[in-house]
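Close look at the chain arrangement
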Amino acid sequence: MNSGMRSSKAEAVSTIDGHTMIITLSGDIDHHSAKRIRGQIDSDLFIKRPKRAVLDMSAVEFMDSAGLGLILGRIACAEKIGCRLTLLSPSPQVMKILDLAGAGRFIEIKQK
Amino acid sequence: MTNTETIEKKRSGRPPENIRNEIRIELPSSSVNEGIARSVSSVFVSQLDPTFEELSDIKCAVSEAVTNAIVHGYRDKRGIVYITIKILDERTVRIEVRDKGCGIDDIKTAMQPLYTTDPEGERSGMGFTVMESFMDRLTVVSKPGSGTKVTMVKTLGNPKRTFK
């Protein structure tokens, strides 16, 4: 088993596919990385103003409650510009955190 | 005044004190150390050959406790976060995360799900809920003006692979 000595740097990369923005998150999403990631995502959303956005979580290696705050904040941010946000393929570890907050009530969660 | 709040999901009498191994870590209250604390905890606990889920749970609980110490204990000022991890008996992990920061006035309120003192900063207010849910026992002792100590205990499954 990978004991995870390395803390993986978090990144958010946005691409546009028609009216949909795909935001691919990767690495470790914690309090340290969330602030930087938040700025990147919000900047992309406000500049490109997509009708739909997909937050692809499949490459997220770790997430704690700071990541939950990041997601809930992005739902609110997307709503401000009339954009519908969907979560894609959170890992079982990420899903456990989302379930604790009942995030399924606030956002559509899909698997690839 | 000292506030104490204990949430014990699996009561089994007094916690065992048969310490099989121990590590102590002192880290400056810089947010980059949240990942360092997770990594060190993960490596130390890995000697018990935990399942992926057990290790993920422990990393997440440590991350929450250390982040609380940095953000709420020291309020982003300089200080030291003290972490002690002990392996007790065969399969029990006890983790203490302590700060000498501002302390918590009302622990019961602070531990409520979705409670946050910082809604502008997009904190979810789920830190203590994560610690409580992912570990077997959570104890929070705090003295306003002096600091906070969070103690978390988890007994791992798979008793065939025990500490040597």
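A quick note: this is a predicted structure, and the numbers were derived from the prediction, not measured.

Non-glycine residue R49(A) carries a positive phi angle of around 45°. For R49(A), the position within the fold is in the loop between helix 1 (31-48) and strand 3 (52-63). The phi dihedral of D49(B) is positive, around 50°, even though this residue is not glycine. If you trace the backbone, D49(B) turns up in the loop between helix 1 (33-45) and helix 2 (52-73).

Accessible area lost during the coming together of the parts is what is often quoted as the interface size. Counting residues at the interface gives 27 residues for chain A and 32 residues for chain B. Between chain A and chain B, roughly 2,300 Å² of surface is buried when both sides are summed, and carbon and sulfur atoms account for 58% of that area. If you look at where chain A meets chain B, you find 4 salt bridges. Between D57(B) and K96(A) there is a salt bridge; the shortest N-O distance is 2.8 Å. Counting across the interface, chain A meets chain B through 10 residue pairs in polar contact (both at pLDDT 80 or more).

This next bit is on the pairing of strand 5 (residues 137-143) of chain B. Residue and element names in this part refer to chain B. Counting buried positions along strand 5 yields 5 of 7 residues, so the element is predominantly enclosed. Note that strand 5 and strand 6 (residues 147-155) share 7 bridges and pair antiparallel. Residue pairing across strands places V141 opposite K149, the latter belonging to strand 6. The antiparallel hairpin formed by strand 5 and strand 6 contains 3 residues in its connecting segment, where G145 sits at a positive phi of about 90°.

Each value, and the rule that gives it
Residues numbered from 1 in each chain as written. Chains lettered and ligands numbered in written order. Predicted model: local features only at pLDDT ≥ 70, side-chain atom pairs only at ≥ 80, totals over all residues. Heavy atoms only, no water. Helix = DSSP H or I, 4+ residues; strand = E, 2+ residues; numbered from the N terminus. Contact = heavy atoms within 4.5 Å. Buried area = accessible area lost by both parts, 1.4 Å probe. Salt bridge = Lys/Arg side-chain N within 4 Å of Asp/Glu carboxyl O. Polar contact = N/O pair within 3.5 Å; in protein donor to acceptor, adjacent residues only side chain to side chain. Buried < 20%, exposed > 50% of the residue type's maximum accessible area, 1.4 Å probe, protein only. Pairing = 2+ DSSP bridges.

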